[in-house]
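Survey of secondary and tertiary structure
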Amino acid sequence: MAAFPAIEPLNRDYDLGAHITSSADGQNGDAVFFLHSILATDIGINLAFRALTSSQAQQIRDHYSGQRGTVRSFPIPAELWRTHADLYDVATPGTEWRYAGPLEEQRLDGGLFDVTVSLVSAIP
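It should be emphasised that the depicted structure is a prediction, and the values quoted were computed from it without experimental measurement. (Residues numbered from 1 in each chain as written. Predicted model: local features only at pLDDT ≥ 70, side-chain atom pairs only at ≥ 80, totals over all residues. Heavy atoms only, no water.)

Another aspect to go through is the environment of aspartate 109. One can find aspartate 109 in the loop between strand S6 (104–107) and strand S7 (113–122). As a C-alpha pair, aspartate 109 and tyrosine 64 span 45 residues in sequence and 24 Å in three-dimensional space. (Helix = DSSP H or I, 4+ residues; strand = E, 2+ residues; numbered from the N terminus.)

Written as structure tokens, this is what we have:
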């Protein structure tokens, strides 16, 4: 299980997921909802890396390949959480992540790359 490369993204977007719930309809037509977990699932993070060198972009590509795309889960380093007051603002300690889809890359002039990565929390 290789950790994501320690490269700080320029931008992060979050989807804080949802709690696992179910519902049952009562005789009067009202719905009752049952909470099955105190932890949210499917927390999503989109990371935007801008103007990466070819070696930095290759680190991300190699990690994606090593995790077999969206299959294997991995930890993410503190560099991805920089500027947060607490590493656990978004997810609980020990949360692992997996790729939500393929990497998006754009080649820029000067041999630089813009890379966008979508991650989703993995169920342990």
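Turning our attention to the nonpolar core. Ranked by internal contacts, the top residues of the largest apolar core, which has 23 residues, are Phe4, Phe49, Ile60, Ile76, Trp97 and Val117. Looking at this core, the elements that each hand over two or more residues are strand S4 (44–52), helix H1 (54–66), strand S5 (96–99) and S7. If we ignore the near neighbours within four places in the chain, the residues touching phenylalanine 4 are Phe49, Ile60, His63, Phe74, Pro75, Ile76, Pro77, Leu80, Tyr99 and Val117. (Core = buried A, V, L, I, M, F, W, Y, C linked by side-chain atoms within 4.5 Å. Buried < 20%, exposed > 50% of the residue type's maximum accessible area, 1.4 Å probe, protein only. Contact = heavy atoms within 4.5 Å.)

Another aspect to go through is the pairing of S5. Only one face of S5 is buried, namely the one carrying Trp97 and Tyr99, since none of Glu96 and Arg98 on the opposite face is buried. Sheet topology note: the S5/S7 ladder contains four bridges and is antiparallel. Bridging across to S7, tryptophan 97 finds its partner in serine 121. (Pairing = 2+ DSSP bridges.)

The next thing to look at is the side chain of histidine 63. With respect to the element layout, histidine 63 can be found in helix H1. Of note is the side chain of histidine 63, whose polar atom sits 3.4 Å from the backbone oxygen of alanine 3. (Polar contact = N/O pair within 3.5 Å; in protein donor to acceptor, adjacent residues only side chain to side chain.)

With respect to the helices and strands, tryptophan 97 occurs in strand S5. What makes tryptophan 97 buried here is its relative accessible area of 2%. Discounting chain neighbours no more than four positions away, the residues touching tryptophan 97 are Ile43, Ile45, Arg72, Ser73, Phe74, Ile76, Trp81, Ala91, Leu119, Val120, Ser121 and Ala122.

For the coordinates displayed, the defined rule picks out two salt bridges. Here glutamate 8 makes a salt bridge to arginine 82, at a shortest N to O gap of 2.9 Å. Here glutamate 8 is found in the segment before strand S1 (11–15), whereas its partner arginine 82 is found in the loop between H1 and S5, with 74 residues between them in sequence. A relative accessible area of 37% means that glutamate 8 is categorised as partly exposed. Relative accessible area serves as the criterion here: at 41%, arginine 82 is assigned to the partly exposed category. (Salt bridge = Lys/Arg side-chain N within 4 Å of Asp/Glu carboxyl O.)

With that out of the way, let us pick up the packing of aromatic side chains. According to the stated counting rule, one finds five aromatic pairs in the structure shown. Between the aromatic rings of phenylalanine 4 and tyrosine 99, the centroid separation amounts to 6.4 Å while the plane-to-plane angle is 50°, which identifies the pairing as tilted. Pair noted here: phenylalanine 4 is in the segment before S1 and tyrosine 99 is in strand S5, with a separation of 95 residues, a long-range link. Comparing phenylalanine 4 with tyrosine 99 shows no difference in burial state: the two are buried. With a centroid separation of 5.1 Å and an interplanar angle of 40°, the aromatic rings of phenylalanine 74 and tyrosine 99 are classed as tilted. Of this pair, phenylalanine 74 sits in the loop between H1 and S5 while tyrosine 99 sits in strand S5, and the two are 25 residues apart along the sequence. The pair formed by phenylalanine 74 and tyrosine 99 is uniform in burial state, with each residue classed as buried. Here the aromatic cluster, defined as three or more aromatic residues joined through ring pairs, consists of Phe4, Phe49, Tyr64, Phe74 and Tyr99. (Phe/Tyr/Trp six-rings, centres within 6.5 Å; stacked < 30°, edge-to-face > 60°.)

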